[in-house]
Amino acid sequence: MGTIPSETIEQIAAANDIVEVIGSYFPLKRAGTNFKALCPFHQEKTPSFTVSPSRQTFHCFGCGTGGSVFRFVMDYEHTDFPSAVRKLAARAGITVVEKSGGREAGDEERQRELRQRLLKLHAEAAQWFHENLIKREIGEPARKYLKQRGITLEIANRWQLGYAPEEWDAFGSWARARGYDVRDLIASGLVKVKDESENPPDQSAAGIKPQRSYDRFRGRIIFPICNDVGEVIAFSGRLLQDQEGAAKYLNSPETAVFRKGSVLFGLDKTKRALIEADCAVVCEGQLDLISLFEAGITNVVAPQGTAFTESQTRILKRFVSEVVLCFDADPAGQKAAERSLDALLQNDLIVRMAEMPAGEDPDSLVRREGKTAFEKRIADARDFFDYWIERETASVDLNSLSAKMEVARTLAETVSHVHDLVMRGEVINKISARLAVSASAFAALVPKQVRKASSEVTTQRRQQLVPPNDIALLCILALRSEEAHEFLRAQSWRELLSQLPSTYFLERILESEVRPNDSASLSAFLASLEPEEEDIISGWLHLKTPPNSVAVPWLRLRQAALRRQLDIARDRLRLPELSTGDVINLQKQILDLQEQLHELSQPAGPADN
């Protein structure tokens, strides 16, 4: 992928007032020159979340989180920096053009252009399918079917549900008339080629004739699949009536914008509810999810298939610490739940199982029982291991040593994926009790797994980064005052700071092109930092401007550097076996350093300031 130029980042920051952006997520109240609210990143009763219009930054004095408008969108939306930049760019109507370099620049540019064309095609296709369902006579059978399933026109509008006519080339003909190239239609997966073995999609499609292509989705209700920022990237189509030999659900193939194992259906609409509940209700199908969401159970997602992938689980872990599986009661649903377990456990998610009555699924159940009863079912969901141990041992003769050993090894393999030590201990105790073996004996069967180091930023790490007072004061002045910034840049700061510890932040500020009086420039600088670094600096920016002259702390820093050099020279003088010449040179150096310190300690005249 290319990089987003700093001038583009500054342009986007300048076009997105942080008060307006944050105010679009939740209300802010004016507090003097700033705005305040309850922090969305931790639980609190008294507002400590502050937004500064003049600095275009936010900071929470409760949990320490803070930074630019980009950081807020990243943390609130649980997305990465490029996605946050694109979201804010789209809000301001700015086109983001990424820079590429090297031999692969041309390929990257072509891929970027293809992704943009496919996103545009998918957005227009979703609207075409939707209008077929809502406005056209051809969509009447689909409207009837959805009405039977409790999906009103209002719900269909909210989820942009659509209908693909039972025709071979209805969509393809419409898309070509709109100017879309057959190659892009095939690349999107919306159109297929007759006898693909003779003309594979990865070969040049320049010679493909329209009559040799046909629509992938025909005679199906269409569910748009969106990425986590709401862009349509694929479709899932459901038959109105089951047909022998035809799949009930048909999904888009993988494309340049869609990776089935990396997408969770509904996440663009449900992610705030997931964060607030810290729990995800997971169901199998799109209709299940929509029915639950519309009933008021909004912390819900669905994998694109029947079981969680490692990639989907990593995405889910960004939002929740607990998962309740609400898969169908049939054998396929139970198998899907078990296949999801390993991926969920490897990301330390607590897993519970809400068993559905025979012949029911979340869609039918919530429509029949209502929200309150379904929420009780979720609250009463069993720990997955209780359910799983019971299933694994139900058909095993535990009086047979060989059978017991076989099931013990199977259970031990799954337990090896549980990284949390407390959870692992609890599971081992449950299994050993069920098998009537000692916990230590069963634990010995569990294969050892190497745990990856956690990347989460801790409070201790943040505290380790905070520099001493004088350096912190100089950082604040350099970011708040153009005059102080210019003064420090005019000094021999590289040489001096190289002699002192904990000068990282001050070096970053003086090395950068940040302009203290330009909030957009400040936002771009903050965006270049690591999250814990941005937290610290945003906190400084929300403090009152120190009254000190920049020359005073800078003088103390110069004195500290000289004292440090003096201590080093004195320590070296104590080393044994120094030559006479070495001793004389060190004594001269010590005298010189003492003289410099003495000069710096004298009252400064006007010229010195």
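Predicted, not measured: the structure shown is a model, and the values here were computed from it. Residue numbering note: each chain is counted from 1, following its sequence as written. Selection of residues for local features in this predicted model requires a pLDDT of at least 70, selection of side-chain atom pairs for listing and counting requires 80 or more, and totals for whole chains, interfaces and linings are taken over all residues. Heavy atoms throughout the structure, all of them, feed into the side-chain values; hydrogens and water do not.

S.K.: Can you help me understand the overall build of the protein in this one?
M.R.: Under the DSSP-based scheme used, a helix requires at least four consecutive residues in state H or I and a strand at least two consecutive residues in state E, with every element numbered from the N terminus. The helix and strand inventory of the protein stands at 28 helices and 17 strands. A burial count over the protein gives 47% of its 609 residues as buried. The contact criterion used is simple: two residues touch if any of their non-hydrogen atoms lie within 4.5 Å. Considering only intrachain contacts with a sequence separation of at least 6, the fraction spanning at least 24 residues in the protein is 66%. Throughout, exposure labels follow a simple rule: accessible area from a 1.4 Å probe, protein chains only, divided by the maximum for the residue type, with under 20% read as buried, over 50% as exposed, and the rest as partly exposed.

S.K.: Honestly, the sheet that holds strand 1 (residues 29–31) in this entry has me stumped. Any pointers?
M.R.: The strands that make up a sheet pair up through hydrogen bonds in the backbone, lying either parallel or antiparallel. If you walk across this open sheet you meet the 5 strands as 1-2-3-4-5, and the pairing is antiparallel. Edge strands, defined here as strands with exactly one partner in the open sheet, are strand 1 and strand 5 (66–67). Here, a strand pair is defined by DSSP locating no fewer than two bridges between the strands. Both strand 2 (residues 34–37) and strand 3 (residues 49–52) contribute to a ladder of 3 bridges, which runs antiparallel. When the sheet's bridge partners are listed, Phe-35 is paired in strand 3 with Val-51.

S.K.: So what exactly am I meant to see when it comes to unusual backbone geometry here?
M.R.: Only a minority of non-glycine residues have a phi that is not negative, and only a minority of peptide bonds are not trans. Positive phi values are uncommon outside glycine, yet Gln-56 reaches one of about 55 degrees. Among the residues examined, Gln-56 registers a relative accessible area of 8% and is labelled buried.

S.K.: Which parts of the structure should I look at to understand the pairing of strand 15 (residues 322–325)?
M.R.: Neither face of strand 15 is open: one carries Glu-322 and Val-324, the other Val-323 and Leu-325, and all of them are buried. Across 4 bridges, the pairing between strand 13 (residues 279–282) and strand 15 is parallel. Bridge assignment links Val-281 to a residue of strand 15, and that residue is Val-324. Bridge analysis of strand 15 against strand 16 (residues 350–353) gives 4 bridges, and the strand direction is parallel. Directly across from Val-324, in strand 16, lies its bridge partner Arg-352.

S.K.: Help me understand the sheet that holds strand 15, please; the structure alone is not making it clear to me.
M.R.: Spatial strand order, 12-14-13-15-16-17: 6 strands in an open sheet with mixed pairing. With partners counted over all chains shown, the strands left at the sheet margins are strand 12 (264–265) and strand 17 (382–383), one partner each. Direction of pairing for strand 13 relative to strand 14 (residues 300–303): parallel, over a ladder of 2 bridges. Bridging across to strand 14, Val-281 finds its partner in Val-300.

S.K.: Sorry, what's going on with the packing of aromatic side chains here?
M.R.: Pairs of aromatic rings are described using the distance from one ring centre to the other and the angle between the two planes. Side-chain rings of Phe, Tyr and Trp (the six-membered ring for Trp) are treated as a pair once their centres are within 6.5 Å; stacked means planes under 30 degrees apart, edge-to-face means over 60, and tilted covers the remaining angles. Counted under the stated rule, the structure contains 26 aromatic pairs. Aromatic pair Phe-41 and Phe-72: ring centres 6.1 Å apart, planes at 65 degrees, arrangement edge-to-face. Of this pair, Phe-41 sits in the loop between strand 2 and strand 3 while Phe-72 is found in helix 3 (residues 69–77), placing the two residues 31 residues apart along the sequence. Ring centres of Tyr-504 and Phe-505 lie 5.6 Å apart, and the angle between their planes is 65 degrees; this geometry places the pair in the edge-to-face category. Given the relative accessible area of 37%, Tyr-504 is considered partly exposed. By relative accessible area, Phe-505 is classed as buried at 2%. These aromatic residues form a ring-pair network of at least three members: Tyr-25, Phe-26, Phe-41, Phe-49, Phe-58, Phe-72 and Tyr-76. Think of it as a cone above the ring: NZ of Lys or CZ of Arg counts as a charge over the ring if it is within 6 Å of the ring centre and within 35 degrees of the ring normal. The ring of Trp-159 has Lys-269 lying over it, and the distance from NZ or CZ to the ring centre is 4.7 Å. One cation-aromatic arrangement involves Arg-272 over Tyr-76; the distance from NZ or CZ to the ring centre is 3.6 Å.

S.K.: Would you mind going over the confidence of the model for the protein with me for this structure?
M.R.: Every residue carries a pLDDT, the predictor's confidence in it, which falls somewhere between 0 and 100. For the protein, per-residue confidence averages 83 on the pLDDT scale, and 88% of positions sit at 70 or higher. By mean pLDDT, helix 20 (residues 459–465) is the weakest element of the protein at 49, and strand 6 (residues 162–164) is the strongest at 96. Residue range residues 196–206 is modelled with pLDDT below 50. Its contacts to residues more than four positions away, or to other chains, number 10 contacts. Note on residues 450–462: pLDDT under 50 across the span, and 9 contacts to partners over four residues away in sequence or across chains.

S.K.: Even after reading the chapter, I still don't get the packing of helix 21 (residues 469–480) against helix 27 (residues 551–573), so can you show me in this structure?
M.R.: Only C-alpha atoms enter the line fits that serve as axes; for helices the fit covers just the stretch in contact. Angles between N-to-C directions range over 0 to 180 degrees. Where helix 21 contacts helix 27, the two axes come as close as 9 Å, and the packing angle between them is 140 degrees. Regarding the angle of helix 21 to helix 27, the classification is oblique. Classified by chirality, the crossing of helix 27 by helix 21 is left-handed. Taking contact as the criterion, the partners of Asp-470, Ile-471, Leu-473, Leu-474 and Leu-477 in helix 21 are, on helix 27, Pro-553, Trp-554, Arg-556 and Leu-557. Across the contact of helix 21 with helix 27, the residue classes break down as 7 nonpolar, no polar and 2 charged. Each angle is binned into one of four classes, with values under 35 degrees roughly parallel, values over 145 roughly antiparallel, values of 65 to 115 roughly perpendicular, and all other values oblique. Here a crossing is called left-handed whenever its near helix is offset anticlockwise from the far helix by less than a right angle, and right-handed whenever the offset is clockwise. Only Asp, Glu, Lys and Arg are considered charged in this grouping, and only Ala, Val, Leu, Ile, Met, Phe, Trp, Tyr, Cys and Pro are considered nonpolar; every other residue, Gly among them, is considered polar.

S.K.: Got a minute to help me understand the layout of surface pockets in this structure?
M.R.: Over the atoms, a rolling probe the size of a water molecule traces out where space has been left empty. One number sums up the size of the second largest pocket: a volume of about 1,400 Å³. Every element with two or more residues in the lining of the second largest pocket is listed here: helix 4 (81–92) and helix 5 (105–134). Examining the composition of the lining of the second largest pocket, we find that 7 residues originate from one element, helix 4, more than from any other. Broken down by class, the residue content of the lining of the second largest pocket amounts to 19 nonpolar, 9 polar and 10 charged. Note on definitions: the grid is 1 Å and covers protein atoms alone; a cavity is a set of points where a 1.4 Å probe fits but cannot get out; a pocket is an open set with protein on both sides within 12 Å along at least five of seven lines; lining residues have an atom within 4 Å of a point. Grid points are joined across faces, edges and corners, and a volume is the space filled by probe spheres set on the points.

S.K.: Help me understand the pattern of salt bridges in this model?
M.R.: For side chains of opposite charge, pairing can occur when their charged atoms come near one another. A carboxyl oxygen of Asp or Glu within 4 Å of a side-chain nitrogen of Lys or Arg is what we treat as a salt bridge. All told, the structure shown has 31 salt bridges when counted by the stated rule. When the shortest N-O distance is used, the salt bridge between Glu-375 and Lys-371 registers 3.9 Å. A residue pair is termed a helical-turn pair when its members lie 3 or 4 positions apart in one helix, as Glu-375 and Lys-371 do in helix 15 (residues 371–379) at 4 residues. By relative accessible area, Lys-371 is classed as partly exposed at 35%. For the salt bridge of Arg-515 with Asp-518, the shortest nitrogen-to-oxygen distance reads 2.8 Å. Within this structure, Glu-360, Arg-368, Glu-369 and Arg-377 form a network of salt bridges that share partners.

S.K.: Mind showing me how you'd approach the side chain of His-542 here?
M.R.: Turning to its location among the elements, His-542 is positioned in the loop between helix 26 (531–541) and helix 27. His-542 has contacts with Thr-50, Val-51, Ser-52, Thr-57, Phe-58, His-59, Phe-61 and Arg-480, leaving out every residue within four places of it along the chain.

S.K.: Even after reading the chapter, I still don't get the side chain of Arg-238, so can you show me in this structure?
M.R.: By the element assignment, Arg-238 lies in strand 10 (residues 232–239). If we skip the residues at most four places from it in the chain, Arg-238 touches Tyr-145, Arg-149, Gly-219, Arg-220, Ile-221, Phe-223, Lys-248, Tyr-249 and Leu-287.

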